[in-house]
Amino acid sequence: MSEISIRPERSGDEAAIHDLTNEAFFGKSYSDGTEAALVGKLRDAGVLSVSLVAERDAEIVGHVAFSRVDVSNGTTDWYGLGPLSVAPERQGRGVGSRLVGEGLSAIKSLGARGCILVGDPNYYSRFGFRGDCGLTYGDVPDKYVQGLAFTGDIPTGAVEFHPAFGGQ
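Residues numbered from 1 in each chain as written. Predicted model: local features only at pLDDT ≥ 70, side-chain atom pairs only at ≥ 80, totals over all residues. Heavy atoms only, no water.

Q: Can you help me understand the overall build of the protein chain in this one?
A: Each helix and strand in the protein chain was counted, giving 4 helices and 8 strands. The linear arrangement of helices and strands in the protein chain, starting from the amino end, is β-α-α-β-β-β-α-β-α-β-β-β. Against the 2.2 N^0.38 benchmark of 15 Å for 168 residues, the protein chain shows a C-alpha radius of gyration of 15 Å, consistent with a compact globule. In terms of principal-axis extent, the alpha carbons of the protein chain reach across some 45 × 30 × 30 Å. By the burial criterion, 46% of the 168 residues in the protein chain qualify as buried. (Helix = DSSP H or I, 4+ residues; strand = E, 2+ residues; numbered from the N terminus. Rg over C-alpha atoms; globule rule 2.2 N^0.38 Å. Buried < 20%, exposed > 50% of the residue type's maximum accessible area, 1.4 Å probe, protein only.)

Q: Help me understand the nonpolar core, please; the structure alone is not making it clear to me.
A: Generally speaking, nonpolar side chains in soluble globular proteins are found buried as a group. In terms of nonpolar packing, the biggest core is built from 30 residues, with Phe66, Leu81, Leu99, Leu104, Ile107, Tyr124 and Phe129 touching the most fellow members. Sorting the residues of this core by element identifies helix 1 (14-25), strand 2 (50-56), strand 3 (59-71), strand 4 (78-86), helix 3 (95-109) and strand 5 (114-118) as the ones contributing at least two each. Element by element, the count of residues in this core is highest for helix 3, at 5 residues. When neighbours within four sequence positions are excluded, Phe66 is seen to be in contact with Val47, Leu48, Ser49, Val50, Gly80, Leu81, Val100, Gly103, Leu104, Ile107 and Cys115. (Core = buried A, V, L, I, M, F, W, Y, C linked by side-chain atoms within 4.5 Å. Contact = heavy atoms within 4.5 Å.)

Q: I would appreciate a short explanation of the layout of surface pockets in the present structure.
A: Over the atoms rolls a probe the size of a water molecule, and in doing so it shows where empty space is left. Of the pockets and cavities examined, the largest pocket occupies roughly 1200 Å³. Together, 42 residues line the largest pocket, and Phe25, Tyr30, Glu35, Val118 and Gly119 are the ones closest to its centre. Going through the elements one at a time, helix 1, helix 2 (35-44), strand 4, helix 3, strand 5 and helix 4 (121-124) are the ones with two or more residues in the lining of the largest pocket. When residues of the lining of the largest pocket are assigned to their parent elements, the largest contribution, 6 residues, is made by strand 4. (1 Å grid on protein atoms, 1.4 Å probe; cavity = no way out; pocket = protein on both sides within 12 Å on 5 of 7 lines; lining within 4 Å. Points joined across faces, edges and corners; volume = space filled by probe spheres on them.)

Q: Looking at this structure, how should I read the pairing of strand 8 (residues 157-160)?
A: Side-chain positions along a regular strand alternate between the two faces of the sheet. Sheet topology note: the strand 3/strand 8 ladder contains 2 bridges and is antiparallel. Paired with Asp70 across the bridge in strand 8 is Glu160. Pairing geometry for strand 6 (residues 135-136) and strand 8, over 2 bridges, is parallel. In the strand pairing of strand 8, Thr136 is matched with Ala158. (Pairing = 2+ DSSP bridges.)

Q: I would appreciate a short explanation of the environment of His63 in the present structure.
A: Its place among the elements puts His63 in strand 3. When the C-alpha positions of His63 and Asp32 are compared, they lie 18 Å apart, and in sequence the two are 31 residues distant. Setting aside its immediate chain neighbours within four residues, His63 contacts Glu9, Ile17, Leu20, Val39, Ser51, Leu52, Val53, Pro83, Leu84, Ser85 and Leu99. Among the polar contacts made by the side chain of His63, one reaches the side chain of Ser51 at a distance of 2.7 Å. (Polar contact = N/O pair within 3.5 Å; in protein donor to acceptor, adjacent residues only side chain to side chain.)

Q: Mind showing me how you'd approach helix 3 here?
A: Structurally, the α-helix is built with 3.6 residues per turn, so residues lying three or four positions apart point the same way. Helix length check: helix 3, at 15 residues, gives a terminal C-alpha distance of 21 Å against a target of 21 Å (1.5 Å per residue), a fit within 8%. Just past helix 3, the residue Gly111 takes up positive phi, approximately 95 degrees. (Expected span 1.5 Å × (residues − 1).)

Pasting the structure below:
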């Protein structure tokens, strides 16, 4: 049995990432079914700052995307994490954690001051993300809008992800 390897997305991965993302989010109560299209829109707009895949036996079994975000207080150099997708049969085995960890390292190397996401606090707190921190995103409850500062403090204000996210 081979190990999971993490690498940057490369040309030719698009269809596999699309299919994987659809499978990962299918039937989830928190999914609106647009996650696979979102990744494609971010890619097409040229705003995927970091896009990593997890591979096992030359098959893509995970993917994570990072793109720049704006905060209404004018803070710069912050990135958004999402979506994070792991093949259903690989979920709960550390693939997502490896993707997030390596992705956070990658955005740090780009000069990121921190990362923001909308997601499950029970999952993302293991990486140091925290909600109820002064960030807002539309009508999403504050505990799900989470930040992780690499330098300084988590900014306060309304988060604006790329328009491909559909806005809030």
